[in-house]
Each structure stands twice: as structure tokens, then as C-alpha cells.
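# Residue-level structure breakdown
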Amino acid sequence: MSTDFDLIVRNARAATAADLFSCDIGITAGRITALGERLQAGPGTREIDAAGRFVTPGGVDSHCHIDQPMLPPIRMADDFESGTRSAACGGTTTVIPFAAQQRGQGVQAAVDDYHRRADGKASVDYAFHLIVSDPTPEVLNTELPALIDRGYTSFKLYMTYEDMKLDDRQILELLEVARRHGAMVMIHAENTDAITYLTERLLAVGKSEPRYHGLSRPSPVEREATHRAITLAELVDVPILLVHVSGAEAVEQIRWARGKGLNVQAETCPQYLFLTQDDLALPNFLGARCVCSPPPRDKANQQVIWDGLVDGLFSVFSSDHAPFNYDDDSGKRLGGRPPAFPYIPNGVPGLETRMALLFSEGVLTGRMPIQQFVALTATNAARLYGLYPRKGTIAIGSDADLVIWNSGTPYTIRNEALHHATDYTPYEGRELQAWPAMTLLRGEVVWDGERFLGRVGGGEFLRCERPEAARPRPREQSWRRWMELED
Ligand code: URP
Ligand code: ZN
Ligand code: ZN
């Protein structure tokens, strides 16, 4: 057996989405080249002893917003330097943020702009999803097919937000492109007209504090849009992935769709496990820190989300990191004064805390086996977005992206100890029992438990394959057949 490893991680309790086993992990030129017992070191081999520790694949955070251009004066607090530094220190080695098309702009222009923001700054590996907000014939027929060919194989569409939302006809057109060219479609499902209607009525009677954000987007708003998204995808006969699912009513729709045999994937996020509407109701505008969409709901809904994570309804657990400073007039205090809820920038930071929150509260409490944690935080996202098996697993040939865990030791989340540039965390003071002791990106230590050791610009851009999971069903099972439509 070869001894010319650059690095051996010894005595790992290695977890994949399928297995948990003890082994040494041999790494050569950034990739895993051996898994075995008592691997032999060569003259230049470095060693890390992971005795007694779980080792999982580096996290794949497949839903995060980093340096995404906003309508001025709104500005995201994290650029690629701070966002990916924070990811590395929290055990995430691959991020997939969004190149967002502005109306009137092409998607290619958005991708070019986003590369300028990311390339040379990211310290973990990165791919891009696209956001399509203006599906012109040029975008649908020329730009998207060309971008999919070049490794941008997923896009998000919005059913709400004035500057992003698509109508049903536009959604159908976009789903058709995804079906024809093999892309994965992510959908933000909230009924925009219902939100506007409720918002106007709340504001008309002076209800403008952050907590009314939640009341302007109650569960039926998400339930209706979830059902509609599923139905539109059924008509086109294409898989979809519903992002940031917040509670029971949307979950019910997804279970119904699965029961019908539809290929509907679902993602949820820490804010729907660890925050509630009470956090939105904190006094003195503090609730603004937790304004995100869909909003955090109540304890009963949290339990339904936990159940869905454990029983396999959700395949992805991502952060939806959307970093806006709290004490900043280009962030939550837009314009220098506390704004009414519809004008508070939406989103919470979470890149660095995502993995440890689920490890501590999911694995160490016994709610889920570590294999499921791996599936939810790394493997499934890599598969769904065309990065597997290079990312998301511990296997021979995969990139040596690893997290060595410090587990069973108390860790208190404090914003001052985090590495993002956002001025708060919604999880301030929360006690965990786990934190990454070490993160390796392609065999290099980027976090040693105390210090960020990564390199600005050390992250590589990843071209995504067409995801297997985005493939429509075989024709004989397809609804399109009954409609006598050609493929
Ligand atoms: O409130 C949220 N989720 N902000 C980020 C943008 C989005 O819709 O994912
Ligand atoms: Zn969204
Ligand atoms: Zn998002």
C-alpha cells in the first residue's frame, strides 16, 4: 500500500450518510486516497490524531446569501471573505450562494458580477445557484441552457418579494426549461398577494412592529403557495425542491405530494427549529433580528419540523444565511430609524452555527443518528446539486473536506466568537454540546478550533453536474403522457 500520503487523520470515528466506522484517512493532493487501519506514513506525511472524535464530511451549505446585491441602501454584512471564513470555522467547506438576476439584466451578467465578488476572496469551495427574476425569451431559450451546460445547474424562483416574484405562467415556463435541460429548481413558496393584503390591513391600524411580520405571513400563505408550486411542477412533470419550509401546513402539502408519487424535495433551516414567533415579539425592535421569510412559527410547528427531519421528509438542512446588521441603517434599522416590518431586510445569519446546532441538538440528544446528520448537512445537498461524490462524503477519490468534532463539551454561542461580519447571531447565549475542533478543506486545516487558518482566495469555484435528482420520471409514469405532450 502507498505510503506517500501528505496527511493521515488517525483513529477517526468516520461517519457517512450510510455508515459509522473506525479508520485512518489517508490524504494525497487534497483528496482521500485511502481508508484503512494503521495506514503507513511516508517520510513527509503529517498526522492528525482524531482519537475519540467523530469525523464527518465538510458541510455543504446549499442555501446561503453572500454579498448578494440588494436594492440600495440595503447591504449584506458578509462578503465572500467574511462569509466563507465563517463557514470554515463552523465546519462548512462548500457553499452554494445565489447569483441573482435583477430585472432588466441578463442572468449571464448576474453570474459575471457574482464571480467578480467571489473569485479570489472565498476561502472555502463554492458553486452558484441562479435566481431568475425576469424570465425573458432570451433568458429561457439561450442564457439558461448555456449556463446549465457550463455548470450552473440549479436555480431559485420566488413566488413573493416585489422585485423577484414570478407569476404562475412564468413559473411554468421556467419549470419547462429545467425539465428540458436537467436543472434543479428551488422554490420560495409564499403567496405574494395574500401577504400584501394582510400587510396593508395591519399597517392601516398601526401594527408595524417586527412581530407583525409573522402575522402578515401566516401558515396558510405558505401552505397555498406550496400546494401551487407542487401542482405547477406536477403539470410540467419535473422535480422541485421547496426551500426554507417553516411549519406543519407546508409539511402536510409535501407529504400529500409524496403520497401521490410526485418528486418533491424539501429543505428546512435552523431558524425553524430554534426560533419562534416569540423571538419576533422581543421589545425595542430586537425582534427585527429574527425577521426572515417564511417567519419562525410556534413550538408545535418546531416539533413538526423536527419530525420531518428525523423521518426523512426533509433532505436538506441549510442555513439560509442572509446577513443584515442589526444596528445599521443599511441593515435591519433601514434608514437610521426602526422601519415598519415590511421594510426590515429579511433574513438571519447562520453559516457558522448551522452544523453545530444540528450536531448538538439532533445527534447528541439522540433525535437522529449521525449518518442522518451527515446526509442532511452534506451528502444530500451534494447529490441534489450535482457535486457528489466530489463533495459531501468520506470516500476514496472525494475531496478531503472533513470536520473533526469536539462533542460532549459545552460550547456557548457568542457573536463575538463567530467569524462572520454580521453584528449579531439570533442564537446568542445558546448552550451547545458540540463545536468543530478542526475543519479541513482539501486536506488543509482551515480551522483549528481556535483560529481561522484558511486562505483568502483558497476556495475553488465548482462547476455542478446536472443533478440525477432533477431528472423527470420515466415517460411511462409521466403525467405528460396522459396529456399527450411530447418530451
Ligand atoms: O428571509 C429570508 N429567507 N431571506 C433570504 C432570502 C430568501 O428568501 O431566502
Ligand atoms: Zn427564499
Ligand atoms: Zn434564502
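Structure report, in brief. The written sequence of each chain sets the order in which its residues are numbered from 1. Note on labels: chains are lettered from A, ligands numbered from 1, in written order. For this predicted model, a pLDDT threshold of at least 70 governs which residues receive local features, and a threshold of 80 or more governs which side-chain atom pairs are given and counted, while totals over whole chains, interfaces and linings are taken from all residues. With hydrogens and water stripped out, all remaining heavy atoms of the structure feed into the side-chain values.

### Quick look at the coordination of the zinc ion (ligand 3)
Operational definition: Here a donor is an N, O or S atom found within 2.8 Å of the metal, or within 3.2 Å if the metal is Na, K or Ca; sites may look incomplete because water is not among the atoms. Key to geometry: four donors with every angle between 85 and 135 degrees are tetrahedral; four donors are square planar and six octahedral where opposite donors lie over 155 degrees apart and all remaining angles lie between 65 and 115; all other sites are irregular. Under the DSSP-based scheme used, a helix requires at least four consecutive residues in state H or I and a strand at least two consecutive residues in state E, with every element numbered from the N terminus. The classification of residues rests on relative accessible area computed with a 1.4 Å probe and restricted to protein chains. Under 20% of the type maximum is buried, over 50% is exposed, and intermediate values are partly exposed.
Looking at the zinc ion (ligand 3), the protein donor atoms are H63 (NE2), H65 (NE2) and D320 (OD), and they sit 2.0 to 2.1 Å from it. What the 4 donor atoms of the zinc ion (ligand 3) show is an angle range of 90 to 123 degrees at the metal, which sorts the shape as tetrahedral. Counting gaps between the donor residues of the zinc ion (ligand 3) yields the pattern H-x1-H-x254-D. Separating the zinc ion (ligand 3) and the zinc ion (ligand 2) is a distance of 3.9 Å. Pair noted here: H65 is in the loop between β6 (59-61) and α1 (80-89) and D320 is in the loop between β15 (316-317) and α12 (354-363), with a separation of 255 residues, a long-range link. Grouping residues by exposure puts H65 and D320 together as buried.

### Thoughts on the pairing of strand β1 (residues 7-15)
What counts, and what does not: DSSP-based pairing: two strands are paired if at least 2 bridges between them are found.
For β1, a buried count of 7 out of 9 residues is recorded, marking the element as mostly surrounded by other parts of the structure. Here β1 runs beside strand β4 (residues 46-49); their pairing, made up of 4 bridges, is parallel. The residue bridging R10 from the neighbouring strand is D49, located in β4. One ladder, built from 7 bridges, connects β1 with strand β2 (residues 20-28); its direction is antiparallel. The residue of β2 that forms the bridge with A12 is C23. Counted along the chain from β1 to the antiparallel partner β2, the turn is 4 residues long. With 2 bridges joining them, β1 and strand β5 (residues 54-57) adopt parallel strand pairing. Looking at β5, one finds that R13 is bridged to F54.

### Description of the site of ligand 1
Put simply, the rule reads: Any residue with a heavy atom lying within 4 Å of a molecule or strand is counted as near it. Each accessible area is a Shrake-Rupley estimate made with a 1.4 Å probe; only the visible protein chains count as cover when residues are assessed. Buriedness of a pocket was judged along seven lines, with at least five required to meet protein on both sides within 12 Å; pockets are open sets of points on a 1 Å grid over the protein atoms alone, cavities are sets where a 1.4 Å probe fits but cannot get out, and lining residues have an atom within 4 Å of a point. For a molecule to be placed in a cavity or pocket, more than half of its atoms must lie within 2 Å of the grid points of that cavity or pocket. Asp, Glu, Lys and Arg are counted as charged, while Ala, Val, Leu, Ile, Met, Phe, Trp, Tyr, Cys and Pro are counted as nonpolar; the rest, among them Gly, fall into the polar class.
Around ligand 1 lies a shell of 13 residues, among which H65, K156, H188, S293 and D320 are the nearest. Protein chains bury 94% of the 260 Å² of accessible surface belonging to ligand 1 in isolation. When atoms are counted within 2 Å of each cavity's grid points, the one that captures over half of ligand 1 is the largest pocket. Looking at side-chain class alone, the shell around ligand 1 contains 4 nonpolar, 7 polar and 2 charged residues.

### Considering the side chain of D134
Quick reminder of the rule: His is not counted, nor are the chain ends, whereas Lys and Arg count as positive and Asp and Glu as negative. Salt bridges are counted wherever a side-chain nitrogen of Lys or Arg sits within 4 Å of a carboxyl oxygen of Asp or Glu. Residues adjacent in sequence count toward polar contacts only when both atoms are side-chain atoms; beyond that, a polar contact is any pair of N or O atoms within 3.5 Å, and within protein one must be able to donate a hydrogen and the other to accept it. The contact criterion used is simple: two residues touch if any of their non-hydrogen atoms lie within 4.5 Å.
The residue D134 is located in the loop between β10 (129-131) and α3 (137-149) in this model. Of the side chains with opposite charge, R103 comes closest to the buried, unpaired D134, at an N-O distance of 5.4 Å. Among the polar contacts listed, one links the side chain of D134 to the backbone nitrogen of G104, at a separation of 2.8 Å. For D134, the contacting residues outside a window of four places in its chain are Q101, R103, G104 and V139.

### What about empty space enclosed by the protein?
Stated precisely, the cut-off is as follows: Grid points are joined across faces, edges and corners, and a volume is the space filled by probe spheres set on the points.
The final tally for this structure, using the stated rule, is 2 cavities of 30 Å³ or more. The volume enclosed by the largest cavity comes to roughly 100 Å³. No other element matches helix α7 (residues 219-236), which puts 3 residues into the lining of the largest cavity. Roughly 30 Å³ of internal volume is contained in the second largest cavity. In terms of lining residues, the second largest cavity is bounded by I187, A189, E222, T226, L242, V243, V245 and A250. Classifying every residue of the lining of the second largest cavity gives 6 nonpolar, 1 polar and 1 charged.

### Quick word on the coordination of the zinc ion (ligand 2)
Octahedral metals with six donors have ideal donor angles of 90 or 180 degrees. Tetrahedral metals with four donors have an ideal donor angle of 109.5 degrees. Every protein donor of the zinc ion (ligand 2) is accounted for by K156 (NZ), H188 (ND1) and H244 (NE2), and the metal-donor separations fall at 2.1 to 2.2 Å. Overall, K156 belongs to the buried group, its relative accessible area being 1%.

### Regarding the layout of surface pockets
In this structure, the largest pocket occupies an estimated 1,100 Å³ of space. In terms of lining residues, the largest pocket is bounded by 48 residues, among which Y161, E162, D163, P342 and N346 are the most central. When contributions to the lining of the largest pocket are tallied by element, the ones reaching two or more residues are β11 (154-158), α5 (192-204) and α6 (211-216). With 6 residues, α5 is the largest single contributor of residues to the lining of the largest pocket. Grouping the constituent residues of the lining of the largest pocket by class yields 23 nonpolar, 18 polar and 7 charged. Approximately 190 Å³ is the volume attributed to the second largest pocket.

### Focus: the nonpolar core
As a reminder, the rule being used: Residue types Ala, Val, Leu, Ile, Met, Phe, Trp, Tyr and Cys, when buried and joined through side-chain atoms within 4.5 Å, form a set referred to as a nonpolar core.
Ranked by internal contacts, the top residues of the largest apolar core, which has 103 residues, are F155, I240, L242 and F373. Ignoring anything within four residues of it in the chain, the contact list for L242 reads I187, A189, T226, A229, I230, I254, V264, Q265, A266 and E267. Counting 22 residues, the second largest nonpolar core, distinct from the first, contains M184, V243, A378 and L462.

### Re the sheet that holds β6
Pairing between sheet strands relies on hydrogen bonds along the backbone, with the strands arranged either parallel or antiparallel. Let me state the cut-off plainly: Think of each axis as a best-fit line through the C-alpha atoms, taken over the contacting stretch in the case of a helix, with angles from 0 to 180 degrees between the N-to-C directions.
Read across the sheet, 3 strands follow the order β6-β7-β9 without closing on themselves; strand pairing throughout is parallel. The open sheet has two edge strands, β6 and β9 (125-126), and neither has a second partner. Examined bridge by bridge, β6 and strand β7 (residues 92-95) share 3 bridges and lie parallel to one another. When the bridges of β7 are listed, D61 appears paired with V95. Contacts from α12 reach β6 and β7 within the one sheet, and its direction differs from that of β6 by about 120 degrees.

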